[in-house]
Amino acid sequence: MTEKKTNFIRDIIDEDLKTGKFDNRVHTRFPPEPNGYLHIGHAKAICLSFGIAEDYSGAKCNLRFDDTNPTKEEQEYIDSIIEDVKWLGFEWDNLCYASDYFQQMYDFAVDLIQKGKAYVCDLSGEEIRKTRGTLTESGENSPFRERSIDENLDLFERMKNGDFPDGSKVLRAKIDMAHPNLNMRDPVIYRILHAEHPHTGDKWCIYPMYDWAHGLEDSIENITHSLCTLEFEDHRPLYDWFLAELETYRPQQIEFARLSLNYTVMSKRKLKQLVDEKFVLGWDDPRMPTISGLRRRGFTPESIRDFAERVGIAKRDSVSDIALLEHCLREDLNKRTERRMAILDPLKVVITNYPDTKTEELDAINNPEDESAGGRKIPFSKEIYIERADFMENPPRKFFRLGIGREVRLKHAYYITCNDAIKDENGEIVELRCSYDPATKGGWSDDGRKVKGTLHWVDISHAIDAEIRLFDRLFSAENPDAEDDFRNAINPDSLTTIIGKIEPSLKNAEIGENFQFLRNGYFCVDKDSTAEKIVFNRSVGLRDSWAKKNKN
């Protein structure tokens, strides 16, 4: 695990604690909108906000659902977010919902109207957009901007009571239609939505806009440091204006760069599109960058937290290399996973001089990186499987695996020499005839002869069939968002399903359990596994392009 680095946010908090700001409190929050599953970008934000609460004495962090749009929010998303935060290893101090504060937000809006700082507007959404102006031109005042306070109070109450249809009226803040920041040009703070809410049911038919709710939630919860991604920087003056006009507590908002990954899309809208249009198997498809997808693929909480730490916290947007994420997983799994043997593309080998009826159990270590993992017994007999790619009929000089007349080591077993290759009527090799040296049990010889190649194998009579899903990147383009349509960059070969042969010790592997399949990569038991069929997902291969690229 990478050692924790300092960053500009921690520097700000350190200075605040020195000066006694916020009465020496540190209180952060992670505020997802429950309109989709969380992805790796959210994992970075989770690690930041909850990590600060872990590292500062007496600090707290809330998990808060910004559930202000009932048309896009579902209980399924709420449940998945709770699971993801727990799985990453974090505990919240308070579980909150924006909807818990709907009455307070409504009362705040009434206060704003009473101060002459908000008005009910009958313009349509399109008309509001057209009269907003541009970066170089001022907007136009709404014809309803000068309604009296009493009329606005009456209309707003009637909006709350359900007297008007959706879209017919909104409540807008009365700020400045010529303001250089477009967010300050009389933004909408309430709209009418006759929709069932997953948390409050049908109690409300008006709902606060995110910009109205955001700062108020932080204020109500007494958050000290409100950590947001950079796109909220231009919204900060609006949040500050609301809190100043309402004369209520104001937290400090600090913006940081969001996480972007190559070969990936992070937009929840686009991820939902992939799910809805059946390009993937669901939100937890192992090709998805969602936390649930990464978990199903075989990523560990430790690897994701390590990745978030390595990427760091910056003030400028940048794109991180997905190879670094894979590197963090390899580093973690190398230390913790037990080794097993599995053949993905089987080729039969008959050991001609091995006794026909004999089966022996050989000793194998589970993890050379962890002595405490112990060992296991693996069966060995006359017929075994090896990988088809481990044999060449006419091998080049630097091919150290099996060929006619060549000797190799079978992992944990014996030296074997290939004597013949049997072909079918199409000329395809279907079987190898080999001989073994009984004096090399355990894979070593007393005579000191050198054998360069070591192959993994599985005993045919004890092999178990397994469905093995080989995942590649979901997108073939490094920046799918740069395409005319990001869906055009989908990799048609992102999933290959094969039937492999695995050693019998894997029969009772549990869902979510990680293994290293020798020479093939890291694999995880998928949730589709049953008593009759075990399914493995390839989490990541053994080759580490990031480490190679960043070698000193």
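Notes on the structure follow. Since this is a predicted model, take the numbers as computed values, not measurements.

## Quick word on the sheet that holds strand S24 (residues 495-502)
Where strands meet in a sheet, backbone hydrogen bonds hold them as pairs that are either parallel or antiparallel.
At step 1: With respect to topology, 7 strands assemble into an open sheet ordered S12-S25-S26-S27-S23-S24-S13, the strand pairing being mixed. Each having just a single partner strand, strand S12 (338-340) and strand S13 (342-343) make up the two edges of the open sheet.
At step 2: Taken together, the 4 bridges between strand S26 (residues 521-525) and strand S27 (residues 534-540) define a ladder with antiparallel strand orientation. Looking at S27, one finds that Phe-523 is bridged to Arg-538.
At step 3: Strands in contact with helix H12 (residues 322-336) are S12, strand S25 (514-517), S26 and S27; relative to S27, the strand with the most contacts, it is inclined by about 120 degrees.

## A look at a positive patch on the surface
At step 1: A grouping of Arg-397, Lys-398, Lys-450 and Lys-452 is seen on the molecular surface, where their side chains present a positively charged patch.
At step 2: On the secondary structure map, Lys-450 appears in the loop between strand S20 (429-437) and strand S21 (454-455).

## Thoughts on the nonpolar core
At step 1: Judged by nonpolar contacts, the single largest core of 49 residues is most densely connected at Ile-9, Ile-40, Ile-46, Phe-50, Leu-63 and Val-85.
At step 2: A per-element tally of this core places helix H2 (residues 40-55) first, with 9 residues.
At step 3: Beyond its immediate stretch of four places on either side in the chain, Leu-63 contacts Phe-30, Pro-32, Phe-50, Ile-81, Ile-82, Val-85, Trp-92, Asn-94, Leu-95 and Cys-96.
At step 4: By size, the runner-up hydrophobic cluster in this structure holds 36 residues, among which are Ala-98, Leu-155, Met-184 and Ala-213.

## Let's talk about the sheet that holds strand S19 (residues 415-423)
At step 1: One open sheet accounts for 7 strands, arranged S21-S18-S19-S20-S14-S17-S22; its pairing is mixed. Looking at strand neighbours, the two that pair on one side only are S21 and strand S22 (458-459), the edges of this open sheet.

## What about the pattern of salt bridges?
At step 1: By the definition in use, this model includes 55 salt bridges.
At step 2: For Lys-382, the salt bridge is made with Asp-356, and the minimal N-O distance between the two is 3.1 Å. Taken together, the residues Lys-382 in the loop between strand S16 (375-380) and strand S17 (383-387) and Asp-356 in the loop between strand S14 (346-351) and strand S15 (360-365) connect sequence positions 26 residues apart.
At step 3: One salt bridge in this structure joins Arg-469 and Asp-526, with 3.2 Å as the shortest N-O distance. On the criterion of sequence distance, the pair formed by Arg-469 in strand S23 (residues 464-471) and Asp-526 in the loop between S26 and S27 is long-range, its members being 57 residues apart. Neither residue differs from the other here; Arg-469 and Asp-526 are each classed as buried.
At step 4: Through salt bridges with shared partners, a single network forms among Asp-284, Arg-296, Glu-467, Arg-469, Asp-526, Lys-527, Asp-528 and Lys-533.

What counts, and where the lines are drawn
- Residues numbered from 1 in each chain as written.
- Predicted model: local features only at pLDDT ≥ 70, side-chain atom pairs only at ≥ 80, totals over all residues.
- Heavy atoms only, no water.
- Pairing = 2+ DSSP bridges.
- Helix = DSSP H or I, 4+ residues; strand = E, 2+ residues; numbered from the N terminus.
- Contact = heavy atoms within 4.5 Å.
- Axes fitted to C-alpha atoms, helices over the stretch in contact; angles between N-to-C directions.
- Patch = residues over 30% accessible without salt bridge, like charges linked within 9 Å, V, L, I, M, F, W, Y side chains within 5 Å.
- Areas by Shrake-Rupley, 256 points an atom, 1.4 Å probe, with all protein chains shown as cover.
- Salt bridge = Lys/Arg side-chain N within 4 Å of Asp/Glu carboxyl O.
- Lys, Arg positive; Asp, Glu negative; His and termini not counted.
- Charge placed at Lys NZ, Arg CZ, Asp CG, Glu CD.
- Core = buried A, V, L, I, M, F, W, Y, C linked by side-chain atoms within 4.5 Å.
- Buried < 20%, exposed > 50% of the residue type's maximum accessible area, 1.4 Å probe, protein only.

Read these as geometric descriptors, not functional statements.
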